[in-house]
Amino acid sequence: MSMANITTGWLKKETHGALRRYEKRWVVVSGNSLSYYKKDDNMSPPLGVIDLLGKKIVQSPDTDHGFKFELTDKENSYNFSCETKTEREKWVDAISCISYGPFGGGMFGSSIEVTVKREKLHGGRNIPKIISQCIGYLDNSFRLKENGIFRLPGNDKTVKLLKMEFQEGMEPNLEAKGDTHTIGSLLKLYLRSLPDSVIPSSLYEDFVAIILTYELNPKEGLNELRYLINRIPCSAYNTIRRLCEFLFKVQTFSDSNRMDLNNLAIVFSPTILKNNSGNLDLEMRDMQKLKKVTEIMIAHHETLFPGDKEEEDQEDLDLENIDPEELKNLYTVKMIKYQVQAREIVTKDKEIEELRAQLAQSQHTVQQQECTILEQQNRIDHYQGCVQRLEVQENSYGSPTRPELDRRYRHHAAQTRF
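Keep in mind it's a predicted model, so treat the numbers as computed, not measured. (Residues numbered from 1 in each chain as written. Predicted model: local features only at pLDDT ≥ 70, side-chain atom pairs only at ≥ 80, totals over all residues. Heavy atoms only, no water.)

Visitor: Lay out the overall build of the protein chain in plain terms, naming residues and giving numbers.
Guide: Scanning the protein chain from terminus to terminus reveals 16 helices and seven strands. Expressed as a percentage of its 418 residues, the buried residues of the protein chain come to 39%. Contacts in the protein chain between residues far apart in sequence, at least 24 positions, make up 62% of those at least 6 positions apart. For the protein chain, the exposed surface amounts to about 24,800 Å²; the carbon and sulfur share of it is 51%. (Helix = DSSP H or I, 4+ residues; strand = E, 2+ residues; numbered from the N terminus. Buried < 20%, exposed > 50% of the residue type's maximum accessible area, 1.4 Å probe, protein only. Contact = heavy atoms within 4.5 Å. Areas by Shrake-Rupley, 256 points an atom, 1.4 Å probe, with all protein chains shown as cover.)

Following this line, the structure appears as structure tokens:
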């Protein structure tokens, strides 16, 4: 699966050899690889190309010498340095989409459609798992009543940890690590990381224009809005539907959480629908309209989103007409997936053998302990027999004196000693 997005920019790359230092390189992340050049004209051949599939990304502690990250596998390691933390996050997200994507991760920075397609290979559903898991965590009366839900920030360190685990394709335990504000912050962070808003920016002008119709005739405005919503791609449609459904439930607890429709629309409208032109004047001009559209979609979600939208049947893969690079990427992703599964099977077999060895050792220890207990029980039975025989002798000879009892006991013990 190739990535349509291309990320370019200057990075400092650590050189190999005896004298290691960082040199400035023009870096291009495209397809499934990272290429680096001496100049930014891309005219000369690259100095090197790094295959990103399966690479692990490690972020180094921040220092005065830059914000570093490492790309590593079992054989190679590549170190890069960025000028700012924000710049490093941009590069790490872009690379993670490729490196962890085939394994169910890499959703931060990837489009909703790409994320859903990847996750379906691992049993995912029709919306990104991070959205369903965050909503699932927050969707109970205790957390919905939390004052300032989605408005107050969560624990930044925990948000970054959970982001990393989701990004690497793991299954974070939100119950153990999260709280209401932290999981709310994680959900907003994911929506902000999307390369486009949930509703594609290509529909921006149409959605903004619908407000005028709605204000003149609400019924006709809802009909036109429903028509526009049906134009949203399948995965994005199902995501915005689930989000509006949940936010409507959040605002029913507004007496406790202080988050009514207006406040929720202020928080979520910039990620639900935005203009990617970068025109700040346009954004300021349409801010109230975007907020109003978001309010309408939340308030009338049952009418506007009557049910999930299903993916249309895909045609069989045309091996004759498919782009060779795309076909290579598909096979590469499948090969990595099978290699990972094979390694997991080998690892599990080793774990099973270790458990069997531990079980055999435990059984041997139990047998030894049983033998020791049996031997101790025999000793106890023997001494109890000695005591009973002494009592019988006492009854036969009458009550002896104390010295006589001591003499008899020593004599009997000497004869019956092991």
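Visitor: If you had to explain the sheet that holds strand β4 (residues 48-51) to someone new, which residues and values would you point to?
Guide: Taken together, the seven strands give an open sheet; going across it, the order is β4-β3-β2-β1-β7-β6-β5, and neighbouring strands pair in antiparallel fashion. Both edges of this open sheet fall to β4 and β5 (56-59), since each of them pairs with a single strand only. The average undirected angle you get between the axes of adjacent strands in this sheet is 35°. In this sheet, strand β7 (residues 77-82) lies alongside strand β1 (residues 7-14) in antiparallel orientation, the contact comprising two bridges. Looking across to β7, one finds that Lys13 is bridged to Phe80. (Pairing = 2+ DSSP bridges. Axes fitted to C-alpha atoms, helices over the stretch in contact; angles between N-to-C directions.)

Visitor: I'd like to hear about the environment of Thr213, residue by residue, with values.
Guide: When you line up the elements, Thr213 lands in helix α8 (residues 204-216). With eleven residues separating them along the chain, Thr213 and Glu224 place their C-alpha atoms 8.5 Å apart. Contact partners of Thr213, with chain neighbours within four places excluded, come to Pro218, Glu220, Gly221 and Glu224.

Visitor: Could you give an account of the nonpolar core, naming the residues involved and the relevant values?
Guide: As a rule of thumb, soluble globular proteins bury nonpolar side chains together. Ranked by size, the top nonpolar core spans 59 residues in total, and within it Ile130, Phe150, Tyr190, Phe207, Ile229 and Met297 carry the most contacts. Counting residues per element, this core draws most heavily on helix α10 (residues 234-251), at eight residues. Not counting residues up to four positions away in its chain, the partners in contact with Ile229 are Phe207, Tyr237, Met297, Leu304, Phe305 and Lys309. Among the nonpolar cores identified, the runner-up in size contains 19 residues, and Ile50, Leu52, Leu53 and Cys82 belong to it. (Core = buried A, V, L, I, M, F, W, Y, C linked by side-chain atoms within 4.5 Å.)

Visitor: If you had to explain the packing of α10 against helix α12 (residues 261-272) to someone new, which residues and values would you point to?
Guide: Running from N to C, α10 and α12 cross one another at 160°; their axes reach a closest spacing of 10 Å. In terms of their interaxial angle, α10 and α12 are classed as roughly antiparallel. Remark: the crossing between α10 and α12 carries right-handed chirality. Contact residues: α10 offers Ile240, Leu243, Leu247, Val250 and Gln251, while α12 offers Leu261, Leu264, Phe268 and Ile272. (Parallel < 35°, antiparallel > 145°, perpendicular 65-115°, else oblique. Left-handed = near helix turned anticlockwise from the far one by under 90°.)

Visitor: Any chance you could break down the pairing of β4 for me, citing the residues and the numbers?
Guide: By the alternation rule, side chains of β4 split into Gly48 and Ile50, which are all buried, and Val49 and Asp51, of which none is buried. Across four bridges, strand β3 (residues 33-37) lies against β4 in antiparallel orientation. Note that in β4 the partner of Ser35 across the bridge is Val49.

Visitor: Residues and numbers for the packing of aromatic side chains, please.
Guide: This model, assessed by the stated rule, comprises six aromatic pairs. Between the aromatic rings of Phe150 and Phe246, the centroid separation amounts to 6.3 Å while the plane-to-plane angle is 85°, which identifies the pairing as edge-to-face. With Phe150 in the loop between α4 (141-144) and α5 (156-167) and Phe246 in helix α10, the pair connects residues that are 96 residues apart, well separated along the chain. For the pair Phe150 and Phe246, one class covers both residues: buried. Aromatic rings pair up to connect Phe150, Phe246 and Phe268 into one cluster. The cationic tip of Lys24 hangs over the ring face of Trp10; the distance from NZ or CZ to the ring centre is 5.4 Å. (Phe/Tyr/Trp six-rings, centres within 6.5 Å; stacked < 30°, edge-to-face > 60°. Lys NZ or Arg CZ within 6 Å of the ring centre and 35° of its normal.)

Visitor: Tell me what's going on with helix α9 (residues 218-229), and back it up with residues and numbers.
Guide: With twelve residues, α9 extends 16 Å between its outermost C-alpha atoms, agreeing within 8% with the 16 Å of an ideal straight helix rising 1.5 Å per residue. Residues of α9 that are buried: Gly221, Leu222, Leu225, Leu228 and Ile229. Along the long axis of α9, the arc covered by the buried residues comes to 120°, so they all point the same way. Exposed residues on α9 whose side chains face more than 90 degrees from its buried face are Lys219, Asn223 and Tyr227. (Expected span 1.5 Å × (residues − 1). Arc of directions from axis to C-beta.)

Visitor: Please give an account of the pattern of salt bridges that cites residues and values.
Guide: Inspection of the entire model under this criterion finds 18 salt bridges. A salt bridge links Asp93 to Lys163; the nearest nitrogen and oxygen atoms lie 3.2 Å apart. Taken together, the residues span a long stretch of sequence, with Asp93 in helix α1 (residues 85-99) and Lys163 in helix α5 at a distance of 70 residues. Linking Lys129 and Glu171 is a salt bridge whose minimum nitrogen-to-oxygen distance equals 3.3 Å. Separated by 42 residues along the polypeptide, Lys129 in helix α3 (residues 129-138) and Glu171 in the loop between α5 and α6 (174-177) bring together distant segments of the chain. (Salt bridge = Lys/Arg side-chain N within 4 Å of Asp/Glu carboxyl O.)

Visitor: Can you tell me about the side chain of Asp93, naming the residues and giving the values?
Guide: When its relative accessible area of 14% is taken as the criterion, Asp93 is described as buried. Of note is the side chain of Asp93, whose polar atom sits 3.2 Å from the side chain of Lys163. Non-local contacts of Asp93, meaning those with residues more than four positions away in its chain, are made with Phe108, Lys163 and Gln167. (Polar contact = N/O pair within 3.5 Å; in protein donor to acceptor, adjacent residues only side chain to side chain.)

Visitor: Explain α3 to me, and be specific about the residues and the numbers.
Guide: The element α3 is extensively covered by neighbouring structure, given that seven of its ten residues are classed as buried. Within α3, the full set of buried residues consists of Lys129, Ile130, Ile131, Cys134, Ile135, Tyr137 and Leu138. Summarising the contacts, the buried residues of α3 are in contact with α2 (112-120), α4, α5, α6, α7 (180-193) and α10.

Visitor: Pulling in residues and values, what's your account of the packing of α3 against α7?
Guide: Running from N to C, α3 and α7 point in directions that differ by 155°, and their axes come no closer than 10 Å. Compared by their axis directions, α3 and α7 come out roughly antiparallel. For the element pair α3 and α7, the recorded crossing hand is left-handed. Contact residues: α3 offers Ile130, Ile131, Cys134, Tyr137 and Leu138, while α7 offers Thr180, Ile183, Gly184, Leu186, Leu187, Tyr190 and Leu191.

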